[in-house]
Amino acid sequence: MSQQVQEKYEESNLYKIRHSAAHVMAQAVMEMFPDGKITIGPPVGDGFYYDFDLPRNLTPEDLEAIEKRMRQIVQGKHEFKKTVISAEEAKKIFANQPYKLELIEGLEKGGLDEYGNPLKEKPEISIYQQDTFVDLCRGPHVANTKEIKQDAFKLMSIAGAYWRGDENNKMLQRVYGTAWENKKQLEEYLHQLEEAKKRDHRKLGRELEIFTFDEEVGPGLPLWLPNGAVMIEELEKLAKEMEEKAGYVRVRTPIVSKEELFLHSGHLPYYAESMYPAMEIEGVKYYVKPMNCPMHHKIFGSKQRSYRDLPLRLAEYGTCYRYEKSGELFGLMRVRSMQMNDAHIYVREDQFEQEFLRVVDLYLKYFELFGIEKYVMRLSLHSKAGLGKKYVDNERLWLKTEDMVRHAMNNGNVPYVEAEDEAAFYGPKIDVQIWSVIGREFSLATNQVDFAQPARFDLKYINKDGQEEAPLCIHRAPLSTHERMIGFLLEHFGGNFPVWLSPEQVRVISITDNQNEYAENIAQQLRENGIRAHADVSAQRMNAKIRSAQLMKVPYMLVVGENEMKAEQVSLRVRDGSQQNNIPLGEFVARAKDRIARRAKEL
RNA sequence: GCCACCGUGGCUCAGCUGGUAGAGCAGACGAUUCGUAAUCGUCAGGUCACGAGUUCGAAUCUCGUCGGUGGCUCCA
């Protein structure tokens, strides 16, 4: 479904403007560095970039100069002229441009596109020229440079990027820019970026006292503050409720185990670079677990299983530790200690499809609950080249299980896209890609098939005929990790959580000291009703108390003054600003309890 | 891990081309007792991330380390 949107964008005028702006930028950069090497410069989601190999690193001042020169160039109304040429001619033109020569060879020989991916047919080779700048390019472009409005683009940042996206290649300098049809659109976009910053989970996490990082504790190792701990517990409670209904049982396993376990599981052969290095005790190596699965497989294998026992659904919200490269860490979204919302389901082959769909169904229930509407299910497959390296070397089972997943998804009428070379080492998986409201994309829920580990651990059950048979295993984490989930939810709700998720659900605000005791009393009654409440009896004025409760995004404020105390009532101010004066406490308790029990979106 | 940039009290930020730190908010204390988003005052709080170097003198310059940010690679 996103395919359609992309095709549209590629045909749009905006796409041409951005692509053309990239060429203009390349012209400006090449004027500055005549010996520089150009590579590729495509449009992207909200702008464009161009990758260069330059004699020195660009500085922010350079960006200004480049931008200034670009404005001059676009005003020149230079035509974008396309010429179709032969590979030989192209090689002559770009004789001093090694990256372009590589691209031309790719086009000529195997039909590789600029990212090195194979093309279906051998494409024609064309160049585009504007003013003094010639680029190998298939287009399309705007008619002339003046169609790029001089006040509707902006260079955004300099970044490093590997040639052809391969970390073994040279790192190039990438300049990102944004370009729009007019000044107003550009300003709107820049405004959106500002707004997005306000919803950044790292900022909200600090302001709402959800989590913190400490240099001395270590990068990627979040400390959960009391408010954050409440949220995690709410997520666990939710998961436990759902899973109990769905027939899961819960287990607990240790954080470290002997090397042998991870050799056995295949983690060390295939996953070692994402694991913390071993520690040695009494001459034996121990590893901190990056996943719970090997332990769960041991639990499966701890007694003889009958076909009647399946599906066996073992759940554990265990904390795992992965060594993520330092540059990959990102707030709560990418951490080194993470609590998986994990379970492993052991099924017979004939149960696979139904069980797999039940897991997908569970995701959808969660998405509905959180109001997540924009997502894409992505079926991640192995690649032939990765067999024996990234992936367990058993092509037959890969193809078979991939087909089983496809079949299940098709039968369940669940739309999905396929992604080659993205699977887990032990089998294909469905990842759910979602976008937080501020446009950040990542995968949340995951549902993975594992044919490899059960075999490695020699897991068996006794079938109807009394024969031993190997189960399939489904790894699933519909709430992802609690870290990433809460990071996502912070941005998704902008900190305005539904009542059930709010760390503090009610703040009781006394107007003067005379009502302090009454306020404390009410907070206590609320707590006895299972509502997270506390009284603000500080020496502040009511307005200041309301302001601080609003800033902490507390869903309900109960204001109590002389009148309320006399009448034994409360005045309710809701986070959205609405209010309901002089209601009996019981009425409010009923409302709050109802919202919490239903996990309602509305306040 | 790679490229670039950044790092001043809990938070947000001032501190020009080097002369040894300042504000607001938050906090503590005191005063105020007030009807739906900030009452007033006083006080306390910083080895300017850390370590070297240059210099008569460094928060300001150089190098290194650590941490963060934007990307690349990778990913729940």
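Residues numbered from 1 in each chain as written. Chains lettered and ligands numbered in written order. Predicted model: local features only at pLDDT ≥ 70, side-chain atom pairs only at ≥ 80, totals over all residues. Heavy atoms only, no water.

## Re the protein's contact with RNA strand B
- Around RNA strand B, the structure places 56 residues, and the nearest of them are Asn-57, Tyr-162, Ser-480, Asp-513 and Arg-547.
- Between a sugar or linking oxygen of RNA strand B and a main-chain N or O atom of Gly-160, the distance comes to 3.0 Å.
- Here a phosphate oxygen of RNA strand B sits 2.8 Å away from a polar atom, N or O, in the side chain of Arg-202.
- Taken together, the residues of the surface near RNA strand B sort by class into 20 nonpolar, 18 polar and 18 charged. (Near = heavy atom within 4 Å. Polar contact = N/O pair within 3.5 Å; in protein donor to acceptor, adjacent residues only side chain to side chain. Nonpolar A, V, L, I, M, F, W, Y, C, P; charged D, E, K, R; others polar.)

## Comments concerning the sheet that holds strand β28 (residues 533-536)
- Strand order in the open sheet formed by 5 strands is β28-β27-β29-β30-β31, and the pairing between neighbours is mixed. Both outer strands of the open sheet, β28 and β31 (579-584), are each paired with one neighbouring strand and no more. Recorded for the sheet is a direction-independent mean angle of 25° between the axes of neighbouring strands.
- In this structure, strand β27 (residues 506-510) lies alongside β28, joined through 4 bridges in parallel fashion. In the strand pairing of β28, Arg-507 is matched with His-534.
- In the packing of helix α19 (residues 585-598) onto the sheet, the strands contacted are β27, β29 (556-560), β30 (569-574) and β31, and the crossing angle to β31 comes to about 115°. (Pairing = 2+ DSSP bridges. Helix = DSSP H or I, 4+ residues; strand = E, 2+ residues; numbered from the N terminus. Axes fitted to C-alpha atoms, helices over the stretch in contact; angles between N-to-C directions. Contact = heavy atoms within 4.5 Å.)

## Looking at the packing of aromatic side chains
- One pass over the structure, following the stated rule, counts 22 aromatic pairs.
- Arranged with centres 5.9 Å apart and planes meeting at 80°, the rings of Phe-442 and Phe-488 form a pair that is edge-to-face. Residue Phe-442 is located in strand β23 (residues 441-450), and its partner Phe-488 is located in helix α15 (residues 482-493); the two are separated by 46 residues in the primary sequence.
- Take Phe-442: its relative accessible area is 8%, and that puts it in the buried class.
- Note on Phe-488: relative accessible area 1%, which makes it buried.
- An aromatic cluster is built from Tyr-270, Tyr-271, Phe-425 and Tyr-426, whose rings are joined through pairwise contacts.
- Here the guanidinium or amino end of Arg-174 rests over the ring plane of Tyr-49, the centre of that ring lying 3.6 Å away.
- Stacked on the ring of Phe-300, the Lys or Arg Arg-305 has its end atom at 5.4 Å from the ring centre. (Phe/Tyr/Trp six-rings, centres within 6.5 Å; stacked < 30°, edge-to-face > 60°. Buried < 20%, exposed > 50% of the residue type's maximum accessible area, 1.4 Å probe, protein only. Lys NZ or Arg CZ within 6 Å of the ring centre and 35° of its normal.)

## Things to note about the pairing of strand β26 (residues 472-477)
- Most of β26 sits out of view: 6 of its 6 residues are buried.
- What you see with β26 is no split at all: Leu-472, Ile-474 and Arg-476 on one side and Cys-473, His-475 and Ala-477 on the other are buried throughout.
- Here 5 bridges tie strand β19 (residues 342-347) to β26, and the two strands are oriented antiparallel to one another. Considered in β26, the bridge of Val-347 is made with Leu-472.
- Two elements, β23 and β26, share 5 bridges in a ladder whose sense is antiparallel. Each bridged residue has a counterpart across the sheet, and for Asp-450 the counterpart in β26 is Cys-473.

## Notes on a nonpolar patch on the surface
- Side chains of Ile-255, Val-256, Met-279 and Ile-281 sit close together on the surface and give an oily, nonpolar patch of about 290 Å² of accessible area.
- A residue is classified by how much of its surface remains accessible, and Val-256, at 34% relative accessible area, is partly exposed. (Patch = residues over 30% accessible without salt bridge, like charges linked within 9 Å, V, L, I, M, F, W, Y side chains within 5 Å. Areas by Shrake-Rupley, 256 points an atom, 1.4 Å probe, with all protein chains shown as cover. Salt bridge = Lys/Arg side-chain N within 4 Å of Asp/Glu carboxyl O.)

## Details of the domain arrangement of chain A
- Domain parsing of chain A yields domain 1 (2-184), domain 2 (206-493) and domain 3 (499-598).
- Centre-to-centre separation of domain 1 and domain 3, based on C-alpha positions: 58 Å. (Domains from an automatic or database assignment.)

## Focus: the environment of Glu-10
- One can find Glu-10 in helix α1 (residues 2-11).
- Residue classification places Glu-10 among the partly exposed residues on the basis of a relative accessible area of 42%.
- On a C-alpha basis, the gap between Glu-10 and Val-44 in space is 9.8 Å, while along the polypeptide they are 34 residues apart.

## Examining the state of the cysteines
- What the rule picks out here adds up to 0 disulfides.
- Of the cysteine sulfurs around Cys-473, a residue in no disulfide, the closest is that of Cys-293, at 7.2 Å.
- Accessibility expressed as a relative area gives 0% for Cys-473, which makes it buried. (Disulfide = S-S within 2.5 Å.)

## Looking at the side chain of Lys-429
- Here Lys-429 is to be found in strand β22 (residues 429-435).
- In this structure the side chain of Lys-429 is engaged in a polar contact, spanning 3.2 Å, whose partner is the side chain of Asp-431.

## Topic: helix α11 (residues 293-300)
- Most of α11 is tucked away: 6 of the 8 residues are buried.
- Within α11, the full set of buried residues consists of Cys-293, Pro-294, Met-295, His-296, His-297 and Phe-300.

## Comments concerning the pattern of salt bridges
- As enumerated under the stated definition, the model contains 42 salt bridges in all.
- When the shortest N-O distance is used, the salt bridge between Lys-184 and Glu-188 registers 3.8 Å. Pair noted here: Lys-184 and Glu-188 are both in helix α6 (residues 183-198), with a separation of 4 residues, about one helical turn.
- You can call Lys-184 exposed: its relative accessible area is 59%.
- Among the salt bridges present, the one from Arg-358 reaches Glu-355, with a minimum N-O distance of 4.0 Å. On the criterion of helical spacing, the pair formed by Arg-358 and Glu-355 is a turn pair, its members being 3 residues apart in helix α12 (residues 349-370).

## Structural notes on the confidence of the model for chain A
- For chain A, the average pLDDT comes to 92, and 97% of its residues sit at 70 or higher.
- Note on residues 1-6: pLDDT under 50 across the span, and 2 contacts to partners over four residues away in sequence or across chains. (pLDDT = per-residue confidence, 0-100.)

## A word on the nonpolar core
- If you look at the biggest cluster of nonpolar residues, it comprises 88 residues, and the most contacted ones within it are Phe-352, Phe-356, Tyr-366, Phe-370 and Leu-489.
- Among the elements that take part in this core, α12 stands out by supplying 10 residues, more than any other.
- Contact partners of Phe-352, with chain neighbours within four places excluded, come to Val-347, Met-404, Val-405, Val-449, Leu-472 and Ile-474.
- Counting 31 residues, the second largest nonpolar core, distinct from the first, contains Ala-21, Ala-26, Val-29 and Phe-133. (Core = buried A, V, L, I, M, F, W, Y, C linked by side-chain atoms within 4.5 Å.)

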